[in-house]
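One letter stands for each residue in the lines below.
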Amino acid sequence: MADKIEREDNRRDWQMDKISVVVPCWNEEEALPIYYREMNQVMERMSQGTEKETLDFELIFVDDGSSDGTYRIMKELNLRDARCRYLSFSRNFGKEAAIYAGLKAATGDYVAVMDVDLQDPPALLPDMYDILKNEAYDSVATKRSTRTGEPRIRSFLSESFYKLVNKISKTEIVSGARDYRLMNRKMVDAVLDMSEYNRFSKGIFGWVGFRTKWLEFENVERSAGETKWSLKKLFCYSMEGITGFSVAPLSLASIVGVLFCGLSFFMILVIIVRTLVWGDPVSGWPSLACIIFMVSGVQLLCTGIVGQYLSKTYLETKHRPIFILKDSSEEGEKR
Ligand code: UDP
Ligand code: MG
């Protein structure tokens, strides 16, 4: 019996693990070759384990509708190195769609999501793999311990967003968390089961659960190119996070409504008493105008909140595809 168990263990040890790395790219012709060079070294280092620890890799580059040479470079990498695959979108669908497409295409036992600009250090990958292999975790995620190099206003807004969303949502969304993480197959399948149109990965990773270990690293500046996130894009992204993982703003509308009803009832009483005691001089229209402005403002705000949720529901019910492929390495091979 013991002999049989040992043989089984050996077979399991000899099995070759495959790590897929999903890399969303949008106009990254400068950063892509630098990334490949760096990642290649990491893959070499990881593959040179003992005989028993053979490792296979696949890099899935997702071209999110780039208008520069990104797609061409991906094709070249695919011709040069069979481990490099690519998916190319028909237009820019956003990083979230790129992550989803990459996870869907990944065939590895372990799947990582990594930015192409080296702000997610590939050098962390060996440690992440070791943790998943040897400890009882399903995922290793990363977060930045510092925000050096980032504009102050951006850091302030980000931190305020995380504070707010964690207060109103049951799903924990970790401040400073990157999308950079390595997951096992079980967790990847769970993430793929969440095929919602309005995607917010930081929330989805938290929502599916599983045991996650957090690694911290110091913020790294972009290797090349520029950030793709404007303040406006970040604002829309944060709205995605709030509406996707909390319905508290909807209750807020009702709470404000009840408070205002109470307040107006109290004011009616005050006015009746005042009129009975001091008579009814016609005055006070400026305060009345202010009240009308404020109440209609609150009403519009509440309608707006309901509208936000309605618009998300509207898009969700249309069941539009999350991304549309124009080309992929698999189609390229068929041709
Ligand atoms: N990205 C993408 N589609 C987009 C925006 C960004 O695929 O619409 C990719 C981008 O190429 C990069 C990653 O997402 O690999 C992170 O983008 P960026 O570095 O601009 O964000 P930051 O690190 O500044 O938050
Ligand atoms: Mg970046």
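Going by the structure above, here's the rest.
Procedures and definitions
Residues numbered from 1 in each chain as written. Chains lettered and ligands numbered in written order. Predicted model: local features only at pLDDT ≥ 70, side-chain atom pairs only at ≥ 80, totals over all residues. Heavy atoms only, no water. Helix = DSSP H or I, 4+ residues; strand = E, 2+ residues; numbered from the N terminus. Rg over C-alpha atoms; globule rule 2.2 N^0.38 Å. Buried < 20%, exposed > 50% of the residue type's maximum accessible area, 1.4 Å probe, protein only. Lys, Arg positive; Asp, Glu negative; His and termini not counted. Charge placed at Lys NZ, Arg CZ, Asp CG, Glu CD. Near = heavy atom within 4 Å. Polar contact = N/O pair within 3.5 Å; in protein donor to acceptor, adjacent residues only side chain to side chain. Areas by Shrake-Rupley, 256 points an atom, 1.4 Å probe, with all protein chains shown as cover. Nonpolar A, V, L, I, M, F, W, Y, C, P; charged D, E, K, R; others polar. Arc of directions from axis to C-beta. Donors = N, O, S within 2.8 Å, 3.2 Å for Na, K, Ca; no water. Axes fitted to C-alpha atoms, helices over the stretch in contact; angles between N-to-C directions. Parallel < 35°, antiparallel > 145°, perpendicular 65-115°, else oblique. Left-handed = near helix turned anticlockwise from the far one by under 90°. Contact = heavy atoms within 4.5 Å. Patch = residues over 30% accessible without salt bridge, like charges linked within 9 Å, V, L, I, M, F, W, Y side chains within 5 Å. Salt bridge = Lys/Arg side-chain N within 4 Å of Asp/Glu carboxyl O.

Asker: Help me understand the overall build of the protein chain, please; the structure alone is not making it clear to me.
Answerer: Assigned secondary structure in the protein chain consists of 12 helices and 8 strands. For 335 residues, the compact-globule estimate of 2.2 N^0.38 gives 20 Å, and the C-alpha radius of gyration of the protein chain, at 26 Å, exceeds that figure by more than 25%. For the protein chain, with 335 residues in total, the buried portion stands at 42%. Positive and negative side-chain charges in the protein chain, numbering 44 and 47 respectively, have mean positions lying 5 Å apart.

Asker: What's the story with the site of ligand 1 in this structure? I'm lost.
Answerer: Surrounding ligand 1, one finds 19 residues, the nearest of these being E28, D64, D117, T227 and K228. One of the backbone nitrogen or oxygen atoms of W26 is found 2.9 Å away from an oxygen atom of ligand 1. Here ligand 1, which alone exposes 530 Å², has 93% of that area covered by the protein. Its residues assigned to classes, the shell around ligand 1 comprises 5 nonpolar, 4 polar and 10 charged.

Asker: Can you help me understand helix α3 (residues 70-80) in this one?
Answerer: Taken residue by residue, α3 has T70, I73, M74, L77 and N78 as its buried positions. Each buried residue of α3 sits inside an arc of 140° when the element is viewed along its axis, so together they form one side. Among the exposed residues of α3, those oriented more than 90 degrees off its buried face are L79 and R80.

Asker: Explanation requested: the coordination of the magnesium ion (ligand 2) in the structure shown.
Answerer: For a metal bound by four donors in tetrahedral geometry, the ideal donor-metal-donor angle is 109.5 degrees, whereas six donors in octahedral geometry ideally sit at 90 or 180 degrees. Around the magnesium ion (ligand 2), the protein contributes the donor atoms D117 (OD) and Q119 (OE1), at 1.9 to 2.0 Å from the metal centre. Judged by relative accessible area, D117 falls into the buried class, the value being 3%. On the accessibility criterion, Q119 (16% relative accessible area) is buried.

Asker: Please clarify how the packing of helix α4 (residues 95-105) against helix α7 (residues 185-193) should be interpreted in this entry.
Answerer: Packed helices, taken two at a time, are described by their axes: the angle between them and the distance between them. Running from N to C, α4 and α7 cross one another at 130°; their axes reach a closest spacing of 10 Å. Classified by the angle their axes make, α4 and α7 are oblique. Both α4 and α7 take part in a crossing whose hand is left-handed. Residues Y100, L103 and K104 of α4 form the contact with α7, whose participating residues are V188, V191 and L192.

Asker: What exactly am I supposed to notice about a nonpolar patch on the surface here?
Answerer: On the surface, a cluster of nonpolar side chains totalling about 520 Å² of accessible area is made up of L263, F266, M267, V270, I271 and I291. Here the element with the most residues in the nonpolar patch is helix α10 (residues 248-278); it accounts for 5 residues. Positionally, I291 belongs in helix α11 (residues 285-318).

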